[in-house]
Amino acid sequence: MKRDLVSLADWSAEEIWEALDLAAHLKRELRSGISHEHVLRGKTLGMIFQKPSLRTRVSFEVGMTQLGGHALYLGPDDIRLGERETVEDIAIVLSRYVDGIMARVFEHEIVEELARYATVPVINGLSDLLHPCQALGDMLTIWEKKRVLSGLTLAFIGDGNNVAHSLIEASAKLGLRFRIACPAGHEPKLEIVDAARALGAEVEILHDPKQAARGADVLYTDVWTSMGQEKSAEERRHAFHGFTIDLNLLETANPGALVMHCLPAHYGEEITYEASRAPGSAIFDQAANRLHAQKAVLALLLA
Ligand code: CP
Ligand code: NVA
């Protein structure tokens, strides 16, 4: 049976660890000059993008090349998902050509629908609800730097958005304590928080960045305005005022705390440039690890 990566909630802790272990292995071997071109030789990944991307597009495309396969970019104007043709028909037709589909979409239901009708694996490359590939790369990054995941405290400062949701799901599976400090009305979705708590996870919703940062091992943030929310950018700038990772907030966290951001960043809003370049900053390692984590996912799902 085919396996998808639509949400990390669908993967067991063992499956997530299998991906993280394989990612670390592939990364080590790549650095030693060992080729993995046999892994997906002759296979093609169809990549549907309804939104722009740097990291996701490049890391999936490079990842497929390094695994001996090929990636096909289908931008917003190429297939006009749901406009020119139904999601169902696109999923069925694409499955006849490609060995896997990666999709970056607006409504989360679109990636769910693709997964339902495609007969090949579907990977969520970001939806309005979730960003599982980001959380996977982030867990790899934290694990590399701290050599442990379970028992760490991750404090997310900012919007309860897609990135926060996937970090909640990943934290719940891997045993991290999750805290968010956000303005009222910008909390993560209750069903995501409740599902994590039902797994026994500690998820705290706070409204004070300092309170969230105290004793944290990771300070994480993301843009205040996600793709698709541009109309409310001004309103959000007001609402999120003060929800910024700066050097002061970093001092509140545990010594050696990591500073993380999925990027792209809006310096001076959710993070200061200085904090992004602090010694504990892992932001560019996170970006790099997208490649390794996704290669593991591709190898597990498409080989
Ligand atoms: N973090 C991330 O997904 O970046 P892109 O939007 O550039 O793909
Ligand atoms: N929350 C951001 C993440 C970008 C990688 C967005 O959806 O735009």
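Structure: see above.
In this text, all values refer to a predicted model and were calculated from it rather than measured experimentally.

### A few points about a nonpolar patch on the surface
Phase 1 of the analysis: Residues Leu 54, Val 58 and Val 62 make up a contiguous nonpolar surface patch of roughly 230 Å² in combined accessible area.
Phase 2 of the analysis: Along the chain, Val 58 turns up in helix H2 (residues 55-66).
Phase 3 of the analysis: Look at Val 58 and you get partly exposed, because its relative accessible area is 41%.

### Describing the packing of helix H1 (residues 13-31) against helix H6 (residues 132-146)
Phase 1 of the analysis: Contact pair H1 / H6: the axes reach a minimum separation of 10 Å and the direction vectors enclose 65°. Comparing the axis directions of H1 and H6 gives the class roughly perpendicular. As for how H1 packs across H6, the hand of that crossing is right-handed. Here Ile 16, Trp 17, Ala 19, Leu 20, Asp 21, Ala 23, Ala 24 and Lys 27 of H1 come into contact with H6, specifically with Leu 136, Met 139, Leu 140, Trp 143 and Glu 144.
Phase 2 of the analysis: Considering only residue class, the contact of H1 with H6 consists of ten nonpolar, no polar and three charged.

### Some details on H1
Phase 1 of the analysis: Compared with the 27 Å implied by 1.5 Å per residue over 19 residues, the 27 Å span of H1 between its first and last C-alpha is a close match.
Phase 2 of the analysis: When we look at burial in H1, the residues that qualify are Ile 16, Ala 19, Leu 20, Ala 23, Ala 24, Leu 26 and Lys 27. Looking straight down H1, one finds its buried side chains confined to an arc of 165°; they lie on one side. Among the exposed residues of H1, those pointing more than 90 degrees away from its buried face are Glu 14 and Arg 28.
Phase 3 of the analysis: Buried positions along H1 lie against H6, helix H7 (162-174) and helix H13 (283-302).
Phase 4 of the analysis: Two residues or fewer after H1 comes Gly 33, characterised by a positive phi angle close to 85°.

### With respect to the sheet that holds strand E3 (residues 100-104)
Phase 1 of the analysis: What the four strands build is an open sheet, ordered E2-E1-E3-E4; its pairing is parallel. This sheet does not close on itself; its edge strands, each paired only once, are strand E2 (70-74) and strand E4 (122-124). Within this sheet the neighbouring strands show an average axis-to-axis angle of 20°, counted without direction.
Phase 2 of the analysis: As defined by bridge partners, strand E1 (residues 44-49) adjoins E2 across five bridges and the pair is classed as parallel. Within the sheet, the bridge partner assigned to Met 47 lies in E2 and is Tyr 73.
Phase 3 of the analysis: Where helix H5 (residues 108-117) meets the sheet, it contacts E1, E3 and E4, and its direction lies at approximately 165° from that of E4.

### Brief notes about the pattern of salt bridges
Phase 1 of the analysis: According to the stated counting rule, one finds twelve salt bridges in the structure shown.
Phase 2 of the analysis: The salt bridge involving Glu 85 is made with Arg 84; its shortest N-O contact spans 3.9 Å.
Phase 3 of the analysis: Here Glu 204 and Arg 179 are joined by a salt bridge, their closest N and O atoms 3.3 Å apart. Residue Glu 204 is located in strand E7 (residues 203-206), and its partner Arg 179 is located in strand E6 (residues 177-181); the two are separated by 25 residues in the primary sequence.
Phase 4 of the analysis: Judged by relative accessible area, Glu 204 falls into the partly exposed class, the value being 33%.
Phase 5 of the analysis: The exposure class of Arg 179 is buried, given its relative accessible area of 15%.
Phase 6 of the analysis: Overlapping salt bridges bring together Glu 234, Arg 237 and Glu 269 as one network.

### Considering the site of ligand 2
Phase 1 of the analysis: The local shell around ligand 2 consists of Leu 126, Asn 161, Asn 162, Val 163, Asp 222, Val 223, Ser 226, Met 227 and Leu 263.
Phase 2 of the analysis: Asp 222 places a polar side-chain atom, nitrogen or oxygen, 2.6 Å from a nitrogen atom of ligand 2.
Phase 3 of the analysis: Burial of ligand 2 by the surrounding chains reaches 94%, relative to a free accessible area of 270 Å².
Phase 4 of the analysis: Split into classes, the residues belonging to the shell around ligand 2 amount to five nonpolar, three polar and one charged.

### Observations concerning the environment of Met 139
Phase 1 of the analysis: Structurally, Met 139 is set in helix H6.
Phase 2 of the analysis: Residue Met 139 is classed as buried on the basis of its relative accessible area, which comes to 0%.
Phase 3 of the analysis: Sequence separation between Met 139 and His 38 is 101 residues, and the spatial gap between their C-alpha atoms is 27 Å.
Phase 4 of the analysis: With near-sequence residues (within four places) excluded, Met 139 lies in contact with Leu 20, Leu 149, Leu 154, Leu 167, Ala 170, Ser 171, Leu 174 and Leu 176.

### Describing the site of ligand 1
Phase 1 of the analysis: With respect to spatial proximity, the complete set of residues near ligand 1 consists of Ser 53, Leu 54, Arg 55, Thr 56, Arg 104, His 131, Gln 134, Cys 262, Leu 263 and Arg 290.
Phase 2 of the analysis: Within the contact set of ligand 1, an oxygen atom lies 2.7 Å away from a side-chain nitrogen or oxygen of Thr 56.
Phase 3 of the analysis: Take Cys 262: an N or O atom from its main chain is 3.0 Å from a nitrogen atom of ligand 1.
Phase 4 of the analysis: Burial of ligand 1 by the surrounding chains reaches 95%, relative to a free accessible area of 260 Å².
Phase 5 of the analysis: A breakdown of the residues in the shell around ligand 1 according to their chemical character gives three nonpolar, four polar and three charged.

Calculation criteria
- Residues numbered from 1 in each chain as written.
- Chains lettered and ligands numbered in written order.
- Predicted model: local features only at pLDDT ≥ 70, side-chain atom pairs only at ≥ 80, totals over all residues.
- Heavy atoms only, no water.
- Patch = residues over 30% accessible without salt bridge, like charges linked within 9 Å, V, L, I, M, F, W, Y side chains within 5 Å.
- Areas by Shrake-Rupley, 256 points an atom, 1.4 Å probe, with all protein chains shown as cover.
- Salt bridge = Lys/Arg side-chain N within 4 Å of Asp/Glu carboxyl O.
- Helix = DSSP H or I, 4+ residues; strand = E, 2+ residues; numbered from the N terminus.
- Buried < 20%, exposed > 50% of the residue type's maximum accessible area, 1.4 Å probe, protein only.
- Axes fitted to C-alpha atoms, helices over the stretch in contact; angles between N-to-C directions.
- Parallel < 35°, antiparallel > 145°, perpendicular 65-115°, else oblique.
- Left-handed = near helix turned anticlockwise from the far one by under 90°.
- Contact = heavy atoms within 4.5 Å.
- Nonpolar A, V, L, I, M, F, W, Y, C, P; charged D, E, K, R; others polar.
- Expected span 1.5 Å × (residues − 1).
- Arc of directions from axis to C-beta.
- Pairing = 2+ DSSP bridges.
- Near = heavy atom within 4 Å.
- Polar contact = N/O pair within 3.5 Å; in protein donor to acceptor, adjacent residues only side chain to side chain.

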